[in-house]
Amino acid sequence: SGNANAGTGENGLTAASRICESLAAEAGCEFENVLPFSTGVIGEELDYSLIVNNIPKALSGVTDGGWTEAAEAIMTTDTFPKVRSKKFTLGNDIHTVTGICKGSGMIRPDMATMLAYIATDADVSEALLNDIGQTVLQSSFNRITVDGEMSTNDAVVFIATGRAGSQRITDKSDPNYLQLLSSVGEVCSELAKDIVRDGEGATKLVSVEVTGAKTDNEAALVAYSVAESSLVKTALFAEDPNWGRILSAVGASGVQELDFEKVDLFVGEHKVASKGALDACYSEEKVASVMKNKEFSIRVALNNGQFYTTVWTCDLSYDYVRINSEYRS
């Protein structure tokens, strides 16, 4: 935590290998079964001895309930540990899915300077767990943005221990598959939103919803254009219903054949624009009131198809500049 071990050449590879070798020896497992993860400053050499010398102590302190401590250990500019857990039923058996993650800045798919670890005691085949992971990523960690910046270091790990003792899930036709998919997806979505809530300097969590697109890609292009616009994000911070900035971001999304005469815009439940122009019933006072909330939605209805998506973003505040200008000091 605090060192990316990226851009460090052969020394970086050696550091990662030494850590994995030491942990494998202490834990009694194979070297190939140890995966190293790092986030932090890029280009700074990692003093692996600091980690190697503390592996015995770390292992001696491992407990079944140590999720919060692990979440705290991986924090960099995060202001709070991110832990989510859910109980669910498969057949007659109670199961659990628990996840931790870190991330606050340099957040934008694919993916960001974030790490996430999701574990369940359900028994599921590796192939199906991979499928579940790829599915839920598209509606959670791959649908968030803090500052539009990507990083050298990111990972999401999915683990299924099978310790609950229930029947193994190996096929999508299994009636338990959808319940497992839903439960893992719920935990991942909440963790992903926690990252945006904790965005560097953020005071708002805003869901940018795009409906009526021709394709998934078109919906995502529009959503990210709005969610990553510096002008939109500063307006969110100011709680200023400067709706022209939002429509401008829609137009700048790169979507071909975008018909503004079909576009409707909503902030919360209030209609702001109709067919690309100010709605006749628009109330700036009501929209400004919505924007004072810590969490609210912006919806862009393209009215041009059946596809939709949601991207979670935050505002851009003075503190974002302060945090990142002081990052190494």
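Keep in mind that what you see is a predicted model, and the values were worked out from it rather than measured.

> Looking at this structure, I do not really get the sheet that holds strand β4 (residues 93-102). What am I missing?
In a beta sheet, neighbouring strands are held together by backbone hydrogen bonds and run either parallel or antiparallel to one another. Pairing within the open sheet is mixed, and its four strands lie in the order β3-β4-β5-β6. Edge strands, defined here as strands with exactly one partner in the open sheet, are β3 (82-90) and β6 (155-160). Pairs of neighbouring strands in the sheet enclose a mean axial angle of 10 degrees, with direction left out of account. Here β4 runs beside strand β5 (residues 115-120); their pairing, made up of six bridges, is antiparallel. Bridged to Val97 within β5 is Thr120. Each of β3, β4, β5 and β6 is contacted by helix α6 (residues 175-197), which is oriented at about 165 degrees to β3, the strand it contacts most.

> How should the environment of Ser38 be read in this particular structure?
Residue position: Ser38 is located in the loop between α1 (9-27) and β2 (40-41). Sequence separation between Ser38 and Asn153 is 115 residues; the distance between their C-alpha atoms is 6.7 Å. If near-sequence neighbours (up to four positions away) are discounted, Ser38 is found in contact with Asn3, Ala4, Asn5 and Asn153.

> Before we go on, may I ask you to explain the sheet that holds strand β7 (residues 205-213) in this structure?
With respect to topology, six strands assemble into an open sheet ordered β10-β9-β8-β11-β7-β12, the strand pairing being mixed. A strand with exactly one partner marks an edge of an open sheet, and here the two such strands are β10 (277-278) and β12 (307-314). Across three bridges, strand β8 (residues 264-267) lies against strand β9 (residues 270-274) in antiparallel orientation. The residue bridging Phe266 from the neighbouring strand is Lys271, located in β9. This element, helix α8 (residues 230-238), spans β7, β11 (295-301) and β12 of the sheet and lies at about 60 degrees to β12.

> Just to check I follow, could you spell out the nonpolar core for this structure?
Grouped together as the largest cluster of nonpolar side chains are 34 residues, with contacts concentrated most on Phe141, Phe158, Leu180 and Val184. Sorting the residues of this core by element identifies β3, β4, β5, α5 (126-137), β6, α6 and β12 as the ones contributing at least two each. With ten residues, α6 is the single largest residue contributor to this core. If near-sequence neighbours (up to four positions away) are discounted, Val184 is found in contact with Val97, Ile118, Ile132, Val136 and Phe158.

> Sorry if this is basic, but what is going on with empty space enclosed by the protein here?
If a probe the size of a water molecule is rolled over the atoms, the empty space left behind becomes visible. A complete count under the given rule lists three cavities of 30 Å³ or more for this structure. Along its surface, the largest cavity is lined by 13 residues, and Asp240, Pro241, Asn242, Ile246 and Met291 are the ones closest to its centre. Contributions of two or more residues to the lining of the largest cavity are made by α8, α9 (243-251), α10 (284-291) and β11. It is α8 that provides the largest number of residues to the lining of the largest cavity, a total of three residues. Residues belonging to the lining of the largest cavity are distributed by class as follows: eleven nonpolar, one polar and one charged. Together, Lys214, Glu218, Val255, Gln256, Glu257, Leu258, Asp259, Leu302 and Asn304 line the second largest cavity.

> What's the story with the environment of Thr39 in this structure? I'm lost.
Turning to its location among the elements, Thr39 is positioned in the loop between α1 and β2. A relative accessible area of 2% places Thr39 in the buried class. Once residues within four sequence positions are removed from consideration, Thr39 is found in contact with Ser1, Gly2, Asn3, Ala4, Thr76, Lys102, Thr113, Leu115 and Asn153. Engagement of the side chain of Thr39 in a polar contact is seen with the side chain of Lys102, the distance being 3.3 Å.

> Would you take a moment to explain the packing of helix α7 (residues 216-227) against α9 for this structure?
Working note: a packed helix pair is described by the angle between its axes plus the distance between those axes. Taken N-terminus to C-terminus, the directions of α7 and α9 make an angle of 140 degrees; their axes are 8 Å apart at the nearest point. Considered as vectors, α7 and α9 are oriented oblique to each other. When the axes of α7 and α9 are compared, the crossing they make is right-handed. Every residue of α9 that contacts α7 at Val222, Ser225 and Val226 is listed here: Ile246, Ala249 and Val250. Tallied by class, the residues present in the contact of α7 with α9 amount to five nonpolar, one polar and no charged.

> Looking at this structure, how should I read the packing of aromatic side chains?
Describing an aromatic ring pair means giving the distance of the ring centres and the angle of the ring planes. The final tally for this structure, using the stated rule, is two aromatic pairs. With 5.2 Å between their ring centres and 85 degrees between their planes, Phe37 and Tyr117 make a pair best called edge-to-face. Placement of Phe37 in the loop between α1 and β2 and of Tyr117 in strand β5 is noted, with a sequence separation of 80 residues between them. Since its relative accessible area comes to 31%, Phe37 is described here as partly exposed. Overall, the relative accessible area of 16% leaves Tyr117 in the buried class. For the pair Phe237 and Tyr318, a centre-to-centre distance of 5.2 Å together with 85 degrees between the ring planes defines the contact as edge-to-face. Residue Phe237 is located in helix α8, and its partner Tyr318 is located in helix α11 (residues 318-325); the two are separated by 81 residues in the primary sequence. Taking relative accessible area as the criterion, Phe237 reaches 25% and is therefore assigned partly exposed. By relative accessible area, which is 69% here, Tyr318 ends up exposed. The aromatic ring of Phe80 is capped on one face by Lys82, whose charged end is 4.5 Å from the ring centroid.

Here is what the cut-offs are and how they apply
- Residues numbered from 1 in each chain as written.
- Predicted model: local features only at pLDDT ≥ 70, side-chain atom pairs only at ≥ 80, totals over all residues.
- Heavy atoms only, no water.
- Pairing = 2+ DSSP bridges.
- Helix = DSSP H or I, 4+ residues; strand = E, 2+ residues; numbered from the N terminus.
- Axes fitted to C-alpha atoms, helices over the stretch in contact; angles between N-to-C directions.
- Contact = heavy atoms within 4.5 Å.
- Core = buried A, V, L, I, M, F, W, Y, C linked by side-chain atoms within 4.5 Å.
- Buried < 20%, exposed > 50% of the residue type's maximum accessible area, 1.4 Å probe, protein only.
- 1 Å grid on protein atoms, 1.4 Å probe; cavity = no way out; pocket = protein on both sides within 12 Å on 5 of 7 lines; lining within 4 Å.
- Points joined across faces, edges and corners; volume = space filled by probe spheres on them.
- Nonpolar A, V, L, I, M, F, W, Y, C, P; charged D, E, K, R; others polar.
- Polar contact = N/O pair within 3.5 Å; in protein donor to acceptor, adjacent residues only side chain to side chain.
- Parallel < 35°, antiparallel > 145°, perpendicular 65-115°, else oblique.
- Left-handed = near helix turned anticlockwise from the far one by under 90°.
- Phe/Tyr/Trp six-rings, centres within 6.5 Å; stacked < 30°, edge-to-face > 60°.
- Lys NZ or Arg CZ within 6 Å of the ring centre and 35° of its normal.

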